[in-house]
Amino acid sequence: LTHPHTDSVSSVAINSAHVLPDAKGKSAQHLVAVGSYDGNLALYDAGTGQLVQLLDGPTDVEFVDFHPKGGTVVLAGSISDGTVWMYHTPTMKCLQVFVGHEGGDGQGGGEGGGGVSVGTFTPDGKFALSAGMDGTLRIWAPRTGLCRHTFRLAAESGAGDARAGLTCLQVDGGADGGADGQLAVAGSEDGLAYIVHLAGKKIAATLRHYDETSASGAGANAAGGGGMDVDGEDENGGDEELRSVEAVGFASKAVNPNWVATGGVNGTLKVWDVTHGGQGQCRQVCRPPADEAGGNVAGVTRIKWHPTLPLILASYTDGATRLWDARDGGLVTALTGGHAGVMINGMSAEFVGADAPGGGTAVVVTAVDDGGVRVFEINIASAIEAAAHAKQQQ
């Protein structure tokens, strides 16, 4: 994609899954939205890759996401000033600015301080959601811009660190969520992931990505222990390994409505069964190989479930995007072309022909730290076949 960003590209989103024909059979434009720390929100034609529009709005764009009903409204948030902006793409006009997260402009606020790290819409499109470095998850009314509810997850759970910000968010999970998508999952810097019921305004489960006895390949400490500061310093001022949960995602209802995945800075991708709530049950762990030179393990930055198969796409700080089998934790394939060794900040994917027996094709878009955006394709059936053949040869 052609726009010359002058700073890291932080996020990418595709609206194709949400674009439907109107009463006259005409569909909205298929778009790719790209956000960057240079303050640019760029919209591209998904078919040609041509730049459609640069939108003015938040500084240091941290996330972008499209409205699920038609894909003609896009949400973008700032990690710098704590604001969330909503645009109408056919007219390129700003419809609303949501203001309320504490500690914008790096001034600190609440316990955690900081800006907005992630946002999305509820699946019915009635509300916008945002999570921030102030440790709150907020529900917004799009028409009025008013905050309808604020979750302070660490305090409400009694398990988290009030200093820790929220880093990632996804909605529409769980059997109890049903088609109305009332379950959301948010990951935190303190190593926890919180599952909340939006309508009930309560925490349904708390998942410890870093358990109290684990010492991962990255050397992460247990959640809630060791006197660790969320900025990476221990209580004595020394360096301490971060333990943030950086990516979360529910499996689709076609795969298993009670499965959720969490990805951490320690490189582990965990698959949980949250049928009975509580602290969930970890059923599988996926781990990439350690770097041969230094023994480091790349951290997870984004995850995306296949809509019909138990497969998870995960992007990493080493520039790779890996496809995992959630049933046995096996690696199916890895994409490294174009930006090996450069951190992937944002990753999105559309699955074409996902209902076909072989699982169709994954079109993967990655946004990386060097300012680049790249597009990959994975033939799911071919990747599974190649992985099975490689396993037989071992």
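Because the structure is a prediction, the values reported are computed rather than measured.

A.B. asks: I keep staring at the overall build of the chain and nothing clicks. Help me out?
C.D. replies: Helix and strand counts for the chain stand at two helices and 27 strands. Looking at the 394 residues of the chain, the share that counts as buried comes to 53%. Of all intrachain contacts in the chain linking residues separated by at least 6 positions in sequence, the fraction that spans at least 24 positions is 47%. Per element, the accessible surface of the chain, about 16,400 Å² overall, is 47% carbon and sulfur.

A.B. asks: Would you take a moment to explain helix H2 (residues 380-393) for this structure?
C.D. replies: Residues spaced three or four apart along an α-helix point in a common direction, a consequence of the helix completing one turn every 3.6 residues. Between its terminal C-alpha atoms H2 stretches 20 Å, which fits the 20 Å expected from 14 residues at 1.5 Å a residue. Among all positions of H2, only Ile380, Ala383 and Ala387 are buried. With its buried residues spanning 65 degrees around the axis, H2 presents them on a single face. The exposed set on the far side of H2, more than 90 degrees from its buried face, consists of Glu385, Gln392 and Gln393. Looking at the buried residues of H2, the elements they touch are strand S22 (311-316), strand S23 (321-325), strand S24 (331-335), strand S26 (361-368) and strand S27 (373-379).

A.B. asks: I would appreciate a short explanation of the sheet that holds strand S8 (residues 93-99) in the present structure.
C.D. replies: Backbone hydrogen bonds hold the strands of a sheet together, and the pairing may be parallel or antiparallel. Spatially, four strands are ordered S5-S6-S7-S8 in an open sheet, and the strand pairing comes out antiparallel. Because the sheet does not close on itself, it has two edges, and the strands there are strand S5 (61-66) and S8. Going across the sheet, the axis of each strand differs from the next one's by a mean of 20 degrees, ignoring polarity.

A.B. asks: Explain the pattern of salt bridges to me, please; I cannot follow it from the model alone.
C.D. replies: As a working rule, side chains carrying opposite charge can pair if their charged atoms are close by. Tallied over the entire structure, the rule returns eight salt bridges. As a salt-bridge pair, aspartate 161 and arginine 163 come within 2.6 Å of each other at their nearest N and O atoms. Taking relative accessible area as the criterion, arginine 163 reaches 33% and is therefore assigned partly exposed. Taken together, the salt bridges that share partners define one network made up of Glu102, Asp134, Arg138 and Arg152.

A.B. asks: Got a minute to help me understand the sheet that holds strand S15 (residues 192-197) in this structure?
C.D. replies: Taken together, the four strands give an open sheet; going across it, the order is S13-S14-S15-S16, and neighbouring strands pair in antiparallel fashion. The open sheet has two free edges, formed respectively by strand S13 (166-171) and strand S16 (202-208), since each of these has just one partner strand. Strand-to-strand twist of the sheet, defined as the mean angle between neighbouring strand axes without regard to direction, takes the value 20 degrees.

A.B. asks: Just to check I follow, could you spell out the environment of glycine 57 for this structure?
C.D. replies: Within the secondary structure layout, glycine 57 lies in the loop between strand S4 (51-55) and S5. When neighbours within four sequence positions are excluded, glycine 57 is seen to be in contact with Trp85 and Tyr87.

A.B. asks: Just to check I follow, could you spell out the packing of aromatic side chains for this structure?
C.D. replies: The geometry of an aromatic ring pair is captured by two quantities: the separation of the ring centres and the angle between the planes. Under the definition given, this model contains three aromatic pairs. Ring centres of phenylalanine 98 and tryptophan 140 lie 5.4 Å apart, and the angle between their planes is 40 degrees; this geometry places the pair in the tilted category. One end of the pair, phenylalanine 98, is in strand S8; the other, tryptophan 140, is in strand S11 (residues 136-140), and 42 residues separate them in sequence. On the accessibility criterion, phenylalanine 98 (0% relative accessible area) is buried. The ring centre of tyrosine 316 lies 4.6 Å from the NZ or CZ of arginine 322, which sits over that ring.

A.B. asks: When you look at the pairing of strand S25 (residues 344-352) in this model, what are you seeing that I'm missing?
C.D. replies: Along any regular strand the residues' side chains alternate between the sheet's two faces. Of all nine residues making up S25, eight are buried, and the element is well covered by its neighbours. Bridge count for S25 against S26 is eight bridges, and the pairing is antiparallel. Within the sheet, the bridge partner assigned to glycine 346 lies in S26 and is alanine 367.

A.B. asks: Would you take a moment to explain the nonpolar core for this structure?
C.D. replies: By size, the foremost hydrophobic cluster in this structure holds 18 residues, and its most contacted members are Leu313, Ala362, Val364 and Ile378. Taken together, the elements giving at least two residues each to this core come down to S22, S24, S25, S26, S27 and H2. Looking at this core, the element that brings in the most residues is S25, giving four residues. Aside from chain neighbours lying at most four places away, what touches leucine 313 is Arg302, Ile303, Lys304, Thr321, Arg322, Leu323, Met347, Ala349, Phe351, Ala362, Val364 and Ile378.

A.B. asks: Would you mind showing me how to read the environment of alanine 164 here?
C.D. replies: For alanine 164, the location among the structural elements is in the loop between helix H1 (153-157) and S13. Alanine 164 sits in the buried class, given a relative accessible area of 4%. Distance from alanine 164 to glycine 135, taken between C-alpha atoms, is 6.0 Å for residues 29 residues apart in sequence.

A.B. asks: Help me out: how do you make sense of the confidence of the model for the chain in this one?
C.D. replies: Interpreting fine coordinate detail is not advised for predicted regions of low pLDDT. Chain-level pLDDT for the chain is 84 on average; 84% of the residues reach the 70-or-more range. Across the chain, element-level confidence peaks in S11 with a mean pLDDT of 97 and bottoms out in strand S1 (residues 9-14) with 89.

A.B. asks: Explanation requested: the pairing of S27 in the structure shown.
C.D. replies: Two elements, S26 and S27, share seven bridges in a ladder whose sense is antiparallel. Looking at S27, one finds that valine 363 is bridged to glutamate 377. Linkage of S26 to S27, two consecutive antiparallel strands, is achieved through a turn of four residues, within which glycine 371 is found at a positive phi near 90 degrees.

A.B. asks: Help me understand the side chain of glutamine 182 in this model?
C.D. replies: Looking at the element boundaries, glutamine 182 is found in the loop between S13 and strand S14 (183-188). Judged by its relative accessible area of 13%, glutamine 182 falls in the buried class. Polar side-chain contacts of glutamine 182 include one of 2.8 Å to the backbone nitrogen of alanine 199.

The rules we used
Residues numbered from 1 in each chain as written. Predicted model: local features only at pLDDT ≥ 70, side-chain atom pairs only at ≥ 80, totals over all residues. Heavy atoms only, no water. Helix = DSSP H or I, 4+ residues; strand = E, 2+ residues; numbered from the N terminus. Buried < 20%, exposed > 50% of the residue type's maximum accessible area, 1.4 Å probe, protein only. Contact = heavy atoms within 4.5 Å. Areas by Shrake-Rupley, 256 points an atom, 1.4 Å probe, with all protein chains shown as cover. Expected span 1.5 Å × (residues − 1). Arc of directions from axis to C-beta. Pairing = 2+ DSSP bridges. Axes fitted to C-alpha atoms, helices over the stretch in contact; angles between N-to-C directions. Salt bridge = Lys/Arg side-chain N within 4 Å of Asp/Glu carboxyl O. Phe/Tyr/Trp six-rings, centres within 6.5 Å; stacked < 30°, edge-to-face > 60°. Lys NZ or Arg CZ within 6 Å of the ring centre and 35° of its normal. Core = buried A, V, L, I, M, F, W, Y, C linked by side-chain atoms within 4.5 Å. pLDDT = per-residue confidence, 0-100. Polar contact = N/O pair within 3.5 Å; in protein donor to acceptor, adjacent residues only side chain to side chain.

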